[in-house]
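# Structural features, examined
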Amino acid sequence: LMAWTLAKVQQERAAHWSINACRLLRSSAEGPRVSETARELAMSPRHLRRLLVEYVGVSPAQYVRLQRFAGVLKAMERPTCGGGRPLLSEVAHAAGFFDQPHFNREFRSFAAMTPAEYRRRQRRSPIGHIFAEAGPEAVDDVRLIQSIDT
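The numbering scheme is per chain: residues are counted from 1 as the chain's sequence reads. Side-chain atom pairs in this predicted model are given and counted only at pLDDT of 80 or more, local residue features only at pLDDT of at least 70, and totals for whole chains, interfaces and linings cover all residues. With hydrogens and water stripped out, all remaining heavy atoms of the structure feed into the side-chain values.

### Some points on the overall build of the protein
Counted only if it meets this: A helix here means a DSSP run of H or I that spans at least four residues, while a strand means a run of E at least two residues long, and both kinds are numbered starting from the N terminus. Any residue under 20% of the maximum accessible area for its type is buried, any over 50% is exposed, and the rest in between are partly exposed; the area is computed with a 1.4 Å probe on protein chains only. The contact rule is simple, with two residues in contact once any of their heavy atoms fall within 4.5 Å. Residue exposure ignores everything except the shown protein chains as possible cover, and the areas themselves are Shrake-Rupley values with a 1.4 Å probe.
On a plain count of helices and strands, the protein comes out with eight helices and zero strands. Burial statistics for the protein: of 150 residues in total, 33% are counted as buried. Contacts in the protein between residues far apart in sequence, at least 24 positions, make up 47% of those at least 6 positions apart. Accessible surface computed for the protein: about 9,900 Å², of which carbon and sulfur atoms make up 56%.

### Brief notes about the packing of aromatic side chains
Under the convention used in this document: The rule is short: rings of Phe, Tyr and Trp, with Trp giving its six-membered ring, pair when the centres are within 6.5 Å, and they are stacked under 30 degrees, edge-to-face over 60, tilted in between. We call a charge positioned above a ring when the Lys NZ or Arg CZ atom is no farther than 6 Å from the ring centre and deviates by at most 35 degrees from the ring normal.
In this structure the tally under the stated criterion is five aromatic pairs. Ring centres 5.1 Å apart and planes at 65° place the aromatic pair F69 and F107 in the edge-to-face group. Note that F69 is positioned in helix α4 (residues 60-77) and F107 in helix α6 (residues 100-111), a separation of 38 residues in sequence. Exposure class is identical for F69 and F107. Each is buried. Through a chain of ring-to-ring contacts, three or more aromatic side chains come together here, namely F69, F97, F103, F107, F110 and Y118. Here the guanidinium or amino end of R68 rests over the ring plane of F97, the centre of that ring lying 3.6 Å away.

### Here we look at the side chain of E106
Structurally, the position occupied by E106 is in helix α6. Beyond its immediate chain neighbours, meaning those up to four positions away, E106 contacts R65 and F97.

### Focus: unusual backbone geometry
One non-glycine residue, A42, lies in positive phi territory at about 60°. Inspection of the secondary structure assignment puts A42 in the loop between α2 (34-40) and α3 (45-55). One non-glycine residue with positive phi stands out, namely A112, at about 60°. Within the secondary structure, A112 is located in the loop between α6 and α7 (115-124).

### Observations concerning the pattern of salt bridges
We count it as follows: What makes a salt bridge here is a side-chain nitrogen of Lys or Arg within 4 Å of a carboxyl oxygen of Asp or Glu, nothing more.
Applying the stated criterion to the full structure yields one salt bridge. Salt-bridge contacts for R65 lead to E106; the nearest nitrogen and oxygen are separated by 2.5 Å. Separated by 41 residues along the polypeptide, R65 in helix α4 and E106 in helix α6 bring together distant segments of the chain. Given the relative accessible area of 32%, R65 is considered partly exposed. On the accessibility criterion, E106 (13% relative accessible area) is buried.

### Describing the nonpolar core
What counts, and what does not: Among buried residues, those of type Ala, Val, Leu, Ile, Met, Phe, Trp, Tyr and Cys that are joined through side-chain atoms within 4.5 Å constitute a nonpolar core.
If you look at the biggest cluster of nonpolar residues, it comprises 14 residues, and the most contacted ones within it are V72, M76, V91, F103, F107 and Y118. When residues of this core are traced back to their parent elements, those giving at least two are α4, α5 (88-94) and α6. The biggest single contributor to this core is α4, with five residues. Contacts of M76, omitting those with residues within four sequence positions, involve R85, P86, L88, V91, F107, P115, Y118 and R119. Judged by nonpolar contacts, the second largest core, of 13 residues, contains A21, M43, L52 and V58.

### Here we look at α6
To keep things clear, this is the line we draw: In this analysis, the expected span of each helix is defined as 1.5 Å times one less than the number of residues it contains. In this context, the arc is that of the directions from the helix axis out to the C-beta atoms. In protein, a polar contact requires one atom able to donate a hydrogen and another able to accept it; more generally it is a pair of N or O atoms within 3.5 Å, and residues adjacent in sequence count only if both atoms are side-chain atoms.
The end-to-end C-alpha distance of α6 is 16 Å, a good match for the 16 Å that twelve residues give at a rise of 1.5 Å each. The complete set of buried residues in α6 reads F103, E106, F107 and A111. Viewed end-on, α6 has its buried residues packed into an arc of 115°, placing them on one side of the element. A side-chain oxygen of the first residue of α6 lies 2.9 Å from the backbone nitrogen of H102; this N-cap is D99. In the segment just after α6, A112 is the residue with positive phi, at about 60°.

Here's what the structure looks like:
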């Protein structure tokens, strides 16, 4: 019974650390740093990686990339002062991309399309159905990304 209780307490503690790690990775002002997050949680970057893979399902670096992608999707929807949508170059710069090709590559790795293609489809598709042409697994991936951001 003691061994089981100790295992449960350790598991609960590890889950709590992974939640705190995600919170720290999201809240870093100058961009999340895995090594700084690990140091703040008093653990090695390797241990932090193991915790996040076990409890979140992705590595810290992948989590940061997912968060940035979720932020890009929101920024693409946000209206500008004139009521239109921001330029893709503005979205890329605000998300921390230094050039458009890097932004396009990263976006394509998650959405299987470029930001411009996403925008074109977005105009034609009902809300929430932008990836319907890509199949049900893509829609599930989008729901996962949206749930991570909340």
